[in-house]
Structures are given as structure tokens and as C-alpha cells.
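Reading the structure
The lines below spell out each chain.
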Amino acid sequence: FLNETVENVRLIDRTAPRKAMVGTLYLSATHTIFVENNPETRRETWVLHSMVASVERPPTTPSGSHLVVHTKNFQVVQLLIPQERDAMDVQASLARLSRPEKYSELYCLSINPNANKEEREESWSFLDLQADYRRMGVPNNLWVSTPANSEYRVCDTYPSELFVPKSATPPVIVGSSKFRSRGPSDPFFSQAAICRCSQPLSGFSARSQEDEQMLEAIMKSNPGSDYIYVVDTRPKLNAMANRAAGKGYENEDHYANIKLQFIGIENIHVMRNSQQKISDVGELKTPSMGDFLWGLESSGWLKHIKAVLDAGVFIAKAVAEEGISVVVHCSDGWDRTAQACSVASVLLEPYYRTMKGLMLLIERDWVSFGHKFSHRYNHLEGDPKEVSPVIDQFLECVWQLSEQFPCAFEFNERFLVQLHRHVYSCQYGNFLGNSQKERRDMGLRERTHSLWPQLWKDRAQYANPLYRADHTQTQGILRPNTTPYCFKMWKGMYNRVEKSSPPRQTPTDLLTAVREETQQLEEELTNHQEVAPGGTAQPGTKQGIQTRSRNAPNERCSLRPIYKFINVSLLITIN
Amino acid sequence: MEFAELIKTPRVDGVVLRRPFLPTVEGTLCLTGHHLILSSRQDNTEELWLLHANIDAIEKRFVGSLGTIIVKCKDLRVIQLDIPGMEECLNIASSIEVLSTLDSVSLMYPFFYRPMFQVIEDGWKSFLPEDAFKDLESMTEEWRLSDVNKDYSVCSSYPPLVAVPKDVDDDTLRKAAAFRHGGRFPVLSYYHKKNGMVMMRSGQPLTGTNGRRCKEDEKLINATLRAGKRGYIIDTRTVSVAQQAKARGGGFESEANYPQWRRIHKAIERSSILQESLIKLVEACNDQSHSMDRWLSKLEASNWQTHVKEILTTACLAAQCIDREGASVLVHGTEGTDSTLQVTSLAQIILDPACRTIQGFQALVEREWLQAGHPFQQRCSQSAYSNSKPRCEAPVFLLFLDCVWQILRQFPCSFQFSQHFLVLLFEHTYASQFGTFMGNSASERSKLNLSQKTVSLWSWVNRPQEVERLSNPLYEANCLVIWPSVAPQSLLLWEGVFLRWKRSSRCLDEAYDEMVHIIQYNNKELQNKVNNLRRQLAQLETEEEEED
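Residues numbered from 1 in each chain as written. Chains lettered and ligands numbered in written order. Predicted model: local features only at pLDDT ≥ 70, side-chain atom pairs only at ≥ 80, totals over all residues. Heavy atoms only, no water.

Taking an unreviewed UniProt entry as the reference, chain B is identified by name as Myotubularin-related protein 9 belonging to Oncorhynchus tshawytscha. Quoted straight from UniProt, the Sequence similarities (unreviewed entry) entry for chain B says "Belongs to the protein-tyrosine phosphatase family. Non-receptor class myotubularin subfamily." (UniProt positions renumbered as here; feature names shortened; annotations may be inferred.)

An unreviewed UniProt entry lists chain A under the name Myotubularin phosphatase domain-containing protein, from Oncorhynchus tshawytscha. Under Sequence similarities (unreviewed entry), UniProt gives the following word-for-word description of chain A: "Belongs to the protein-tyrosine phosphatase family. Non-receptor class myotubularin subfamily."

So, in C-alpha cells, the structure goes:
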């Protein structure tokens, strides 16, 4: 519907402003595309409109108008457009294109769903949540699936299938859910269980017998324990303030055998401001060390990351070391609760540290349990106060963990960065809407594709070469050190723009290349071994050997640098 | 003096040792002239052998008759000894205090140490200036080796042999030396093969307040310029610090007298400030109860990372002038023995791939630090815990190592050595059984006759098993200039030194082993197997052809 083209545009390299590429800027319905004029390279830079966070236009200079495009994943594209008029047009178009008002304008819904019908249907069956619950061993003689929410009547932000203690009768479930907007249910199960819910509507004195029975039932479903932890992930002050609004936290006098624990994760508004500050720190042009460290401190970001990780550590310890079940809540039970429960799952269960496992965990703790993706990640023009980097913080916790346990994760940093991107990009239907019910009502499975099989297809580039399923570090529960000095700024997220010659080397890329080479050698070895004893080489095998011997030892050097330096083009192209 | 006089209680039984990451050990504590030893007298339990020279400070505490000594080491480790009996504890403590602060050089451990390994190559002879000059000669004829300082009379902190421009005679050198701080006249530090540009270093010129000049000094440094070319003088001090130096007889090169040179001032701090910084940083790292805000503000207040950034930036500038601008460079600060050497040695790491090998790095340390007269003994006699007032102590070399680690981290495939090598050098500069880092200059080392009476650290390092331990599995020779990022976002706290005893490195070590495993499996085992089979196959094929 729109095809703006502007010629003689300069794409400015922020680290070396004098080295700009000259080219043509195209605005398509879905992307902003810059194509370099240089006929030899014709480098293309693509920016998906839904990734655009803001477009600034500093005062016009004699050489033209600058446009500074910030993306939602903290990249910056700076353009110099000769005519002010054109710059204003582009800015206006981008502002409109990057802030759709209806779901139907989003990328994943703008393509014909039936072009690849089979592939689409298959993509949605890639992950099986049922199988994950079976893997955890539920249902069993203590925990059962309840039909109470099958039509989202009890709680419209919960999934239709919930697991609850067997001893909890339907009136208890319904009663408990009325006392909370979201009744307790179980996302993680070993012997002890992690359950999640929203805050109780306790106010200063209200109580609900059913809710008390529900928590009692949770405790009883863990034979041998005589109490449960109720983890309120909020700062105690916030929780107390909520009492005035008829909400709050569990009164330990009313609930037999609970231990209440406050963790102190701040609310979504604090986090939103904090992330703005840390991304500013990442973008500082030539800061002094003092500017940087002061910025890091005053952003508070690492403090918040530590709080989320501490919450996960507390829960994981309770479950794995003390064998005590935990009920986790915050206010609504879809932000901090999701963070704390999913971090705990990553710490507890090696499976969630694999690629498929992490996908499943996000599908279960975030997608199915009603995290408000479209509100939090600003998919549509809406209330800016609803926006907050909740899942960003979860992904960063995983990254911080992977820095402490380099062999424990099947995926590398790129996988996390890519996940983060797609939470915002709306190229796939997975994260649209704010609950399972909304997604069902929109018919997303019929109209869009799922992200997961796409990531899986590209898994070679997301693999951590140091991961080994049988490594001691991979096994069992992770016990991270959460002393402040163990946290670093996530450079791969907040400070990506940086060019150098020669390009930065990453051990991951080198090791991946070596791994691939090893695989080729191993194949060759098998082929040789097949051939050697018989004494006669089959024509087919010979062929195989010849092609592979291109990577013979004397030419090995040519293979590796390619992998080492691959980053350059990836950095520049944002598509 | 006999050591025995200083040791009031040579052994105590029932002492309990607590140290980071290792199980508590109970055993017998013995004091010898140079070591504090704790032995459980059981197999398989690790014993403690601690050089007194490694002890920076001790603290005593008493609960009833149980005494506790906290031993704080120069390598930043803190260990605790629980000693039954108040008298024993006091005796041990006072003996350690005396033994760890002995001033007499001749009593130092390297003179008593006998190697338990076979010396394959004598490290004292591994890096002779004559040999280094041979390499230079193969590249250019514009330089000569001068023995003007053969009896250390021209410059007490220079070695007997220095490389100077061929056209400058010894007499000129003598006069130029009189015009430079400590007699440190400009000498060759590095020759950039790619374009023939050079880096020189010196002490500050003694211009004083009335702007004294020295024609010989001007002639000396101008002799290094190509016709019509300009050079850069990098003064590691700020303009105001350099101005103030004039009042004390020092100063800087004026534009009027050095018209062919452009002077650039940077801001590397003086050594006393660096020592303060180290103390603050270690303090911050040791308090685990900090909140995130407090940790970050303490890290910032220590200023350590600022020094790292400043030193790296200056080194990059020097390297840039040489490689990018095609200009020669003279680097100096005040004395020319500290910040100057940080800059010249780091610039070489950036420019010269040879310095990134194990041997090449040793040669660099030998050339740019030991021969160049960095006063190791003064700078490294105390570390971050010492209670006594610092005199000349400063972590100048540690900061250099930290900067190398930053580059290594940014270019993990371009160095033949791993950070283990850097940590090892840090340890040995503060306390060592080897004589390498003793003394403050070549002249002091020669007076102590170290090459005859002590073992060189390089003799130990260059044994095959040690070389293997220090090697970087990711290394692939990279002949390019490597430009590190000096943005604060790219510079990290050196965990390998500052958090080494604070957090377990088990998981990181495992990752490192895994990396070694992947590469070795590929390079050694698999390559060999495949090559063998290839050969066999080729043979079979020829036989086949012959049959046909």
C-alpha cells in the first residue's frame, strides 16, 4: 500500500561517523530496507517495522536531516537524508507503520495463512505441553488435572488445563479462585511442587476457608512435609500497601503451616524505567569509566536482575534441598511470578537448559499461564504504562547463568537474543495477545505460524559447542553465586554496536567450526574404515572422500576464519 | 644472622588451617627460614607451603586460649590458622611478622632455592640484548648497539647495551643523558617492520622553569625521523602535571625546540595513586555483603578500571601513530620507568604478533620491564593488605598484566598463552623462588650476581610441561595488528586475579577443559587417524592400479 523510496541516503556507522554507506532507502509494508549503492557489495540492512521503538529527527544540518531509529532490541540505525521534506515523510510513515492499532496489521497476520497450510499446522504441534507434564510425572496419585477451567470460566487468563492437588474438591478450587483472581495451580513438579497464583484478596481481615484448604491441600500433596513456603515476590512494603485496596498477602495466623517469604522484585514501572537507563548506558558514545559505572549503578538494572535470580534460587533451594512445596505469587501472578517460577525451573531441571526445554518452559510458564505479551511488549499502540521488560529479565537471568555455567546450556547467547527479538517482532503468532483464551479467540493457530520449529531448524547456529549432556555441570540443580560482582552488563543485548578490525573473535564460533570439522573428519574416518579392510574402494565412497578432503589439514586455515569473522555482517543487518 | 634466632616456636601441633575452596585441615605447623608449612602428616591431603615473602599482613585474634592468625597474602589469598595456646600463637605471629619483612636481600629465598627440575634451557641466557638486536639488524641498518652504559655510569637504570640511531655517537648520548631524568636518554623500544617506524622511550627532559634545551637530545631524536616527516611525543602525564614538573627541574619538549614533533598529553596516574586504587579495589572485592549499588559504587570509587582504560587508550594511541599515521613515537612520563613502560609494552602487544607468543611475551617482559629498569623490588614489596605505609609500592606491572588480559579476552584466539601465564607472572613479581624479578635494575641484578646464584623463572616456564599448561587452546597465529576496544562497556574486572579466592572457578575451569578437549580431539587424535587412513587408502589405490 505504500512504497516510499529515497535516494542518496547515508547509513551512518555510529562508531566511525565518517564511514557512511550511500544507498537507497525503501519503505515496504513490513520493512525499512537500506540498499548500498556500491555495486560490489550492495549490502542490505533490513529493519522490521514492528521492531522500531522510536524514530528521532535531530535538527536539520547543512548536509541533510538525520533520522535515528531505535529498535526494541536496542540497536540503533542512523540515517542521513538529503532533503528535510523526505526525512519528515519517512519519519511520519515509520511512526505509523511501527505502531499498528489492530492485530490484523501485524506481520504474522498480514501473510496468507494457507500458503503453507500443512507446514503451518505442523508448526503448532512442534511443542507438546502435555508431554512436559507427563515428563514431570503428573497427573499421579497426588496431583490431578482439573476440568474446572476448561472453558476459561474460573480464570480467563489461565490455560484450560490445570493441575491441582487431588484432595482439592471443585468447591475449594472455585472458592480459592474467587479469593484470588488466579487460583493456585502447579507448573512444576518433582516431589515437592512449585505452584503459582495471584495475591489473595485479604485486605486487612478478609479470609477464605476454601483458599486456606487449597494451600493445605498443596502441603498434603507433598507427603512428609509439614509446611509450605508462600513466596511473595514483591517488596514487603508494596505488599502491605496492597492491603488497603483489599488485596495483600496471606495472614500467617489464618493459614496453618505456611512460611511467608518476601523477595523484593520491583514492579513493572520501576523495571521499565530501569531498562531505559541501562540501554542509554549501552549507547553512551565515549563515556569515561566513571560515567559508565555510575550509569550502571544508577540504572539499578543489575540489582533487579539479581533480585529475580535470587527469587529463583530461593524457590529452587526450597524444592530441591528442603523438599518443601512453594506457592509463588506477586500481585496479578503473571509477571514476577512467571519470572521466579521459570528461573527456578531452569535452575532445577537440566531439560529446561536445552533448546527445546527452554521453548517449552516459555510456552508453559509464560504463554499458557497468561503473561500479557501484547501489553508488555507493546505489540499494538496502547497504554505505555503497561509496557515492561518482564521476559527480558528472565532471558537475562538465563544469560547470567550461562556465564557462570558455560557447559550447562545447550544453546548460546544468540539463541536468547533471538528469542528476545521474536517476543517483540510479531513475525510469528506465538506471543500475540495476553492469554491463551485471547489467542484461541483470535484463531492464531489457523492464521499464523509458530516460531518454535523455525528456531529448531536453525539450531546449528544457536548451539553452545561446550554443552555436553553428560557433563557434571549439566546434571542436576544449578547453584549460582549471586554476589553482586558475579553480574555483568549483557553486552550482547545492550551494547551490540561495535566494529573493529580484525573483527572480534568469539570462542563460540571457533569451537563450533572445530566441532563441525570434527564431524566431517569423523565421517571421513567412518568412510575410510569401511573401505580400508575390504581393499576395494566403492565409487560412491570415493566420491565422498574427494569432496570432503577439500578440508584436508593443509587447507584447514581457510575454513576457520570464515566462521570467526561471520559476525560482521550479522551485526549490521537487522532483519 | 641465623634464621633460628628469629623463630621462637618452630612447630606447633593441632593447628587448624582454613582456606578458600579447600577442606579444613588439621596438622602440624612448622616455621622455616622461608616457609610457613602446615602438614597433616596424612597422604592425599594437600599441604600448605607458603613463602614468608608472600605474606602481606597478619591479624591475631584470641578466644580464650585459642588463638587465630589471619594470613593475608600478596597474591590476595586470605587464610586462617587456629593455634591452640596463646604463647605459641603469639610466638608464631611475631616470627611471621619478622620473617615476612626481612630487608636484607641476601637472605631472600631465591638464593637458597635449588631447582627440583632439570633446567633444559637457562632462562638467564634466553633473552640477551645481543640476540634481540640480531633480529633488528636483519630488518634495518639504521640502528646500532651502543655500550656507552657498560659500567652503568651514564644511566643507572639502563642495561649495558642499548639500541640507538646509527648516526649518533656515544658522546652525544652522554650529553643527552645529562638532559633526561635519571639519565634515561631516548632509546629504541620497538621497530615496526611493516613501515620502518619506531617507538622510543626515555625519562622527561630536564628543561626546568627557564626552558633549558639540549642540542644533542634534539639531534638524537631527530635522527629517528625520515626526511620531511613529523613524529609524536606521547607524554603520559596531563599538561598540568607536566607543567608542575618544571618547578622540580623536569618538564617537557617545547614546540620551539622540537618543531618536528607533535606532543600529546595523556593522563596515566602516578604510582602512589595506583597503589591506593589497588587497596580500595581489593577491599571492595572482599566484602561479600555488599548490595549491588554499593558494589558498583565501590568499584567505581576504586578507580582501578579507569586506570586500565587510560593505559590501554594511551597504548592504542602510540600504536595508532606508528601503524596508521606512519610516524615515529617517543614515549615518556616523569621517570620513564612506570607508565612509559606500560605504554610501550602494550603498544607492542597490539602491533607485533610475536609478543603474543609465550616466548615472545617473556622477551617483551625481559626487554621492556626488566632491562628497561622497572624497579620491581620497590614496586612489589607490599601488596593490597599491608598495614605499613607504602613507600614506593605500586601495582604498575599488575596493571600492565590486567591490560594484556583485557586484550586477550577481546582476542581470545590471538594469544599463544592463556591467562594462567599472566596470573603466574603476577604471583612471581610479588613472591618467588626465582631470581628474575629481584632488584630494581640490570645493574642491581648484576651486582647481586643473580644469574649465577639464582634460578630464572624462564628456566621453569620454558619446560615443555609448563608451556603446555600455559598454552591457549584457541590460539591461531594472527599476523594482524589487533585493536582492542577501550570502551568501558568492553573492559571487565579481572576475575582471575581479583575474585580468584572469592568465587569458585570450578565451572569455568571445566569449560576450559572442555574447550581443550574439543580442540585436542580434533587436532590430534582425529587428524592422525584420518591421515593414517588416507595414507592406507592411497596405498591400496596404487596397488589396485598396479594390479590393473
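Quick word on the overall build of chain B
Across its full length, chain B carries 20 helices and 14 strands. Its C-alpha atoms give chain B principal-axis dimensions of roughly 95 × 75 × 55 Å. Taking all 548 residues of chain B together, 58% fall into the buried category. Put simply, chain B shows about 22,800 Å² of open surface, and 49% of that area lies on carbon and sulfur atoms. Across chain B, the mean location of the 61 positive side-chain charges is 8 Å away from that of the 69 negative side-chain charges. (Helix = DSSP H or I, 4+ residues; strand = E, 2+ residues; numbered from the N terminus. Buried < 20%, exposed > 50% of the residue type's maximum accessible area, 1.4 Å probe, protein only. Areas by Shrake-Rupley, 256 points an atom, 1.4 Å probe, with all protein chains shown as cover. Lys, Arg positive; Asp, Glu negative; His and termini not counted. Charge placed at Lys NZ, Arg CZ, Asp CG, Glu CD.)

Describing the packing of aromatic side chains
Residues and elements named next belong to chain A. Under the defined criterion, the tally for this structure stands at 42 aromatic pairs over all chains. Ring plane angle 90 degrees and centroid distance 5.2 Å describe the contact between Y249 and F262, whose orientation is recorded as edge-to-face. Placement of the pair is Y249 in the loop between α6 (236-243) and β13 (258-262) and F262 in strand β13, with a sequence separation of 13 residues. Comparing Y249 with F262 shows no difference in burial state: the two are buried. (Phe/Tyr/Trp six-rings, centres within 6.5 Å; stacked < 30°, edge-to-face > 60°.)

A closer look at the interface of chain B and chain A
Chain B puts 62 residues into the contact, and the matching count from chain A is 68 residues. Broken down residue by residue, the surface that chain B buries against chain A is led by M292(B), Q489(B) and R534(B), which jointly contribute 13%. At the boundary of chain B and chain A, one finds three salt bridges. The closest approach of N and O atoms between K303(A) and D293(B), which form a salt bridge, is 3.4 Å. Along the contact surface separating chain B from chain A lie eight residue pairs in polar contact (both at pLDDT 80 or more). The set of elements that each furnish at least two residues to the side of chain B that touches chain A consists of α8 (292-302), α9 (304-323) and α20 (506-547) of chain B. Ranked by the residues each element gives to the side of chain B that touches chain A, the list is headed by α20(B), at 23 residues. For the side of chain B that touches chain A, a count of residues per class yields 31 nonpolar, 17 polar and 14 charged. (Contact = heavy atoms within 4.5 Å. Buried area = accessible area lost by both parts, 1.4 Å probe. Salt bridge = Lys/Arg side-chain N within 4 Å of Asp/Glu carboxyl O. Polar contact = N/O pair within 3.5 Å; in protein donor to acceptor, adjacent residues only side chain to side chain. Nonpolar A, V, L, I, M, F, W, Y, C, P; charged D, E, K, R; others polar.)

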